[in-house]
Protein chains: 2
Amino acid sequence: MSPSLLERLQARGYRLTAQRRAVAQVLEGENVHLTADEVLDQAQALLPEISRATVYSTLQQFTEMGELRELSLDGRSKRYDPNIAPVHHHLVCESCGSVFDVAHGIKAPTLPAAQHHGMAITSAEIVYQGTCADCR
Amino acid sequence: MSPSLLERLQARGYRLTAQRRAVAQVLEGENVHLTADEVLDQAQALLPEISRATVYSTLQQFTEMGELRELSLDGRSKRYDPNIAPVHHHLVCESCGSVFDVAHGIKAPTLPAAQHHGMAITSAEIVYQGTCADCR
DNA sequence: CTGAGTGCAAAACATTTGCATACAT
DNA sequence: ATGTATGCAAATGTTTTGCACTCAG
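Attention in this report is confined to the structure presented alongside it. What you see is a predicted model, and the numbers here were worked out from it, not measured in a lab.

**Let's talk about the overall build of chain A**
Argument step 1. From N to C terminus, chain A includes four helices and six strands.
Argument step 2. N-terminal to C-terminal, the α/β element order of chain A is α-α-β-α-α-β-β-β-β-β.
Argument step 3. Expressed along its principal axes, the backbone C-alpha trace of chain A runs to roughly 50 × 40 × 30 Å.
Argument step 4. Buried residues in chain A amount to 42% of all 136 residues.

**Quick notes on the protein's contact with DNA strand C**
Argument step 1. Around DNA strand C lies a shell of 20 residues, among which Thr17, Gln19, Arg20, Glu49 and Thr54 of chain B are the nearest.
Argument step 2. Taking all atoms of DNA strand C within 4 Å of the protein, the share assigned to sugar and phosphate is 82%.
Argument step 3. Note that a phosphate oxygen of DNA strand C is positioned 2.9 Å from one of the side-chain N or O atoms of serine 51 of chain B.
Argument step 4. Taken together, the elements giving at least two residues each to the surface near DNA strand C come down to helix H4 (52-64) of chain A together with helix H2 (18-26) and helix H4 (52-64) of chain B.
Argument step 5. When residues of the surface near DNA strand C are assigned to their parent elements, the largest contribution, four residues, is made by H4 of chain A.
Argument step 6. Here the surface near DNA strand C is composed, by residue class, of six nonpolar, seven polar and seven charged.

**Describing the packing of H2 of chain B against H4 of chain B**
All names here are of chain B.
Argument step 1. Running from amino to carboxyl end, H2 crosses H4 at an angle of 65°, the nearest separation of the two axes being 10 Å. Viewed along their axes, H2 and H4 adopt a mutual orientation that is roughly perpendicular. By crossing handedness, the relation of H2 to H4 is classed as right-handed. Judged by residue contacts, Gln19, Arg20, Val23 and Ala24 of H2 engage Thr54, Val55, Thr58, Leu59, Gln61 and Phe62 from H4.
Argument step 2. Taken together, the residues of the contact of H2 with H4 sort by class into five nonpolar, four polar and one charged.

**Side note on the protein's contact with DNA strand D**
Argument step 1. Among the 18 residues in the neighbourhood of DNA strand D, the closest are listed as Thr17, Gln19, Glu49 and Thr54 of chain A together with Tyr56 of chain B.
Argument step 2. Take glutamine 19 of chain A: an N or O atom from its side chain is 2.8 Å from a sugar or linking oxygen of DNA strand D.
Argument step 3. If you list the elements that add at least two residues to the surface near DNA strand D, you get helix H2 (18-26) and H4 of chain A together with H4 of chain B.
Argument step 4. A per-element tally of the surface near DNA strand D places H4 of chain B first, with four residues.
Argument step 5. Residues of the surface near DNA strand D, tallied by class, amount to six nonpolar, six polar and six charged.

**Thoughts on the interface of chain B and chain A**
Argument step 1. Contacts between the two partners involve 42 residues from chain B, matched on the other side by 42 residues from chain A.
Argument step 2. Counting the surface lost from both chain B and chain A, the interface buries some 3,200 Å², and carbon and sulfur atoms represent 59% of this.
Argument step 3. Of all residues in chain B, His117, Met119 and Tyr128 of chain B bury the most surface against chain A, accounting for 18% of the area lost on that side.
Argument step 4. Put simply, chain B and chain A have zero salt bridges between them.
Argument step 5. At the surface where chain B touches chain A, the tally comes to 18 residue pairs in polar contact (both at pLDDT 80 or more).

**What to know about the side chain of glutamate 67 of chain A**
Residues and elements named next belong to chain A.
Argument step 1. Tracing the sequence through the fold places glutamate 67 in the loop between H4 and strand S2 (69-71).
Argument step 2. Given a relative accessible area of 5%, glutamate 67 falls into the buried group.
Argument step 3. Filtering out sequence-adjacent residues up to four positions away, glutamate 67 remains in contact with Leu5, Arg8, Leu9, Arg12, Phe62, Pro82 and Ile84.

Calculation notes
- Positions within a chain are numbered from 1, following the residues in the order the chain's sequence is written.
- Chain A is the first chain written and ligand 1 is the first ligand written, with later ones labelled in order.
- Under the rules for a predicted model, residues below a pLDDT of 70 receive no local features and side-chain atom pairs below 80 are neither given nor counted, while totals for whole chains, interfaces and linings still include all residues.
- Hydrogens are left out, water is left out, and the side-chain values use all remaining heavy atoms of the structure.
- In this text, helices come from DSSP runs of H or I with a minimum length of four residues, and strands from runs of E with a minimum of two, each type numbered from the N-terminal end.
- Working definition: with a 1.4 Å probe on protein chains only, accessible area under 20% of the residue-type maximum means buried, over 50% means exposed, and in between means partly exposed.
- Any residue with a heavy atom positioned within 4 Å of a molecule or strand is treated as near that molecule or strand.
- In protein, a polar contact requires one atom able to donate a hydrogen and another able to accept it; more generally it is a pair of N or O atoms within 3.5 Å, and residues adjacent in sequence count only if both atoms are side-chain atoms.
- Throughout this entry, Asp, Glu, Lys and Arg are counted as charged residues, while Ala, Val, Leu, Ile, Met, Phe, Trp, Tyr, Cys and Pro are counted as nonpolar. The remaining residues, Gly among them, count as polar.
- Only the contacting stretch of a helix is used when fitting its axis, a line to C-alpha atoms as for every element, and angles between N-to-C directions run 0 to 180 degrees.
- Any angle between 65 and 115 degrees counts as roughly perpendicular, while under 35 counts as roughly parallel, over 145 as roughly antiparallel, and the rest as oblique.
- Crossings are sorted by hand: turned counterclockwise from the far helix by less than a right angle, the near helix makes the crossing left-handed, and turned clockwise it makes it right-handed.
- The criterion used for residue contact is that any of the two residues' heavy atoms lie within 4.5 Å.
- Summed over both partners, the accessible area lost on bringing two parts together, with a 1.4 Å probe, is the buried area.
- Counted as salt bridges are all cases of a side-chain nitrogen of Lys or Arg within 4 Å of a carboxyl oxygen of Asp or Glu.

And the structure:
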């Protein structure tokens, strides 16, 4: 089994506090795509005194460290995905906003240089939109 | 040439006011991906008394009518794309948020039914991320 | 005319920031 | 110890809403 988020943070020598451990623990697992607010809720269940500002700043740091991927799938709030190892895409329910991972192996087509508009491309992500079973 | 946004609205018998005409006019053209706030700015240049609430509600209606496509490309604010005819994808600058269209012809791979997670898929959009010429 | 559209201001969210205090290393 | 992380509360940015007034059809 691959190292957990918490283990990866320790391995980096990252300063660990109870708050950061709570955030890491909430984000452990497969197919996890929580908003900052959901992370706050679940982290407060583990550690009641954790504050909103700390959750936001911790999520921002984990993202900058490359330990989380920030997803902007609807116009409302960002979601955080701890599944960073393989590049993978997402399915989004247009009705309730729930998110599923697409197993790796599906690859976005490479964009011909003529279409780069002068940009240096670093990644490509596909968002499949539709309606989930619950919303139908 | 294909009918303009304004012409399409007229053809639907949609009730037209000076405000709605201003919003439609601002969104005319190719490679336009404005935020609500940018639409407000430009619409106020045409019609100083237009209000923020009207711009938001008009954009929402145009989107529901299928005359605009709402893009959630960064976590900040939605952008509105009047180019709805062909399905097309986008290039986004991670630094400044500017957006370019990818010419049609590029298609996202079809997702095998086994990966649908019970969802009914309606569309697939690719977001290519990178850094634009100006930001380098 | 008349219901739908508009402006205004306030509310509802999402996120960020400044600063004094607490704590991991 | 010491510098960084945290909590609090206020600020910022985006979008929505309630309500009285206006106007397109």
